[in-house]
Amino acid sequence: MIVSRELGFVFMHNPKVAGTSVRDVLEPLRDTPFDFANNYPDPLTGERIIDRSHIGIDEFAHFYPDIWQTTLSLPFFALYRDPKSRFLAAVNQYSKMYGDVDIRFADQAKRSAFFKKLLEALDALGVAENAMENHEYAFFRPQWIFLKSERADAKNLDIRPYPVSAFKDFAADISNILGRDLHFARENSSEQFSVGGPVGAILSNNTIKKLLRRLPGAMTAMSLLRKSRKTDTARENLQPEVRYGLNDRDLEAFDRFIARFYAKDFDHFRALGTPFDRVYETSTA
């Protein structure tokens, strides 16, 4: 998240909703002492790791009460998107950062196994709110936590939520507050690389890549190799039925999981007047 009391705004970074491109522009404008980024121990107890980049409104108030009190009069900006498309983008990011398989380089069999194993782990939690204690699941957090507050002292909080389809309105409104035109880069879409043989086995195995990164020049070599390979960002090839080899029964189960896991998000989106259906997109605004 970004806090700028001097310029008069707070940006809540909802993961996998164009937040990185927004953060890149707003980061230089934040209050200097308050760098809400990366993973840090809980500032109150130190007992667990929290992802400060993606804390919700009420978590911000809980973990940083003194700063919270000084932001109550400021507008809180946040973006949100269809839960299913966001979830699929989160799977891609999770596989890169925390998974044993980097699905961008894996064959369909490995992608399918990874996807189904992750789905089982998350489904066992019941709802997205139960994933909030694990910082590795930050990309799967519910979206309503960035869009509303359940605190008594936040009844008059000026929260400004924007669906990604209204990104231009978001950019215009925050530019108006700052008195300057802000220009945001397009967020990267998901990628799928066509890499087979021993090279594909290495690039799809995050454990091996972590070991290779210790070698001099390994990062540069892997980057050049990645750039030399064909990437597929075609919408139809990134759909779950193609990317993860899901059949009709699998897709129906996936839809039910999304509806159950993000039930509170769907309720809040309906309250905002943007009820999402089962249609989803693969790239962010």
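Our subject is the structure that appears above.
Residues numbered from 1 in each chain as written. Predicted model: local features only at pLDDT ≥ 70, side-chain atom pairs only at ≥ 80, totals over all residues. Heavy atoms only, no water.

Draft legend 1. Representation of the pairing of strand S2 (residues 9-12) in the model. A two-sided burial pattern is seen for S2, the buried positions comprising Phe9 and Phe11 on one face and Val10 and Met12 on the other. Direction of pairing for strand S1 (residues 2-4) relative to S2: antiparallel, over a ladder of three bridges. By the bridge assignment, Ile2 is partnered in S2 with Phe11. Across three bridges, S2 lies against strand S5 (residues 75-80) in parallel orientation. (Buried < 20%, exposed > 50% of the residue type's maximum accessible area, 1.4 Å probe, protein only. Helix = DSSP H or I, 4+ residues; strand = E, 2+ residues; numbered from the N terminus. Pairing = 2+ DSSP bridges.)

Draft legend 2. Quick peek at unusual backbone geometry. One non-glycine residue, Lys16, lies in positive phi territory at about 65°. Tracing the backbone shows Lys16 in the loop between S2 and helix H1 (19-26).

Draft legend 3. Geometry of the pattern of salt bridges. Summed over all chains, the structure comprises 12 salt bridges. Glu59 is the partner of Arg141 in a salt bridge, and the nearest nitrogen-oxygen pair spans 2.6 Å. With Arg141 in the loop between helix H5 (108-123) and strand S6 (158-163) and Glu59 in helix H2 (residues 57-63), this pair connects stretches of sequence that are 82 residues apart. In terms of burial, Arg141 and Glu59 fall into one category: buried. Lys84 is paired through a salt bridge with Asp255; the nearest N and O atoms lie 2.1 Å apart. Here the residue Lys84 occupies a position in helix H4 (residues 83-97), and Asp255 occupies one in helix H11 (residues 248-261), the gap between them amounting to 171 residues. The buried category is assigned to Asp255, whose relative accessible area is 13%. (Salt bridge = Lys/Arg side-chain N within 4 Å of Asp/Glu carboxyl O.)

Draft legend 4. Representation of the environment of Gln239 within the structure. Looking at the secondary structure, you find Gln239 in the loop between helix H9 (218-228) and helix H10 (240-243). For Gln239 and Leu88, which are 151 residues apart along the polypeptide, the C-alpha to C-alpha distance reads 8.9 Å.

Draft legend 5. Representation of H1 within the structure. For H1, the set of buried residues is Gly19, Ser21, Val22, Arg23 and Leu26. Contact partners of the buried residues in H1: S1, S2, S5 and helix H6 (167-178). (Contact = heavy atoms within 4.5 Å.)

Draft legend 6. The arrangement of H5 in detail. A rise of 1.5 Å per residue sets the reference length of H5, with its 16 residues, at 22 Å; its end C-alpha atoms lie 22 Å apart and thus fit the reference within 8%. Those residues of H5 lying buried are Arg111, Ser112, Phe114, Phe115, Leu118, Leu119 and Leu122. Taken around the axis of H5, the buried residues stretch over an arc of 165°, which confines them to a single face. Looking at H5, the residues exposed on the side facing more than 90 degrees away from the buried face are Ala109, Lys117 and Glu120. Structurally, H5 contributes buried residues whose contacts are with H4, H10 and H11. (Expected span 1.5 Å × (residues − 1). Arc of directions from axis to C-beta.)

Draft legend 7. Focus on the packing of H5 against H11. Here H5 crosses H11 at 35°, and the two axes come no closer than 11 Å. Crossing of H5 against H11: the hand is left-handed. Every residue of H11 that contacts H5 at Phe115, Lys116, Leu119, Leu122 and Asp123 is listed here: Asp250, Phe254, Phe257, Arg260 and Phe261. In terms of residue class, the contact of H5 with H11 is built from six nonpolar, no polar and four charged. (Axes fitted to C-alpha atoms, helices over the stretch in contact; angles between N-to-C directions. Left-handed = near helix turned anticlockwise from the far one by under 90°. Nonpolar A, V, L, I, M, F, W, Y, C, P; charged D, E, K, R; others polar.)

What is shown is where atoms sit, not what they do.
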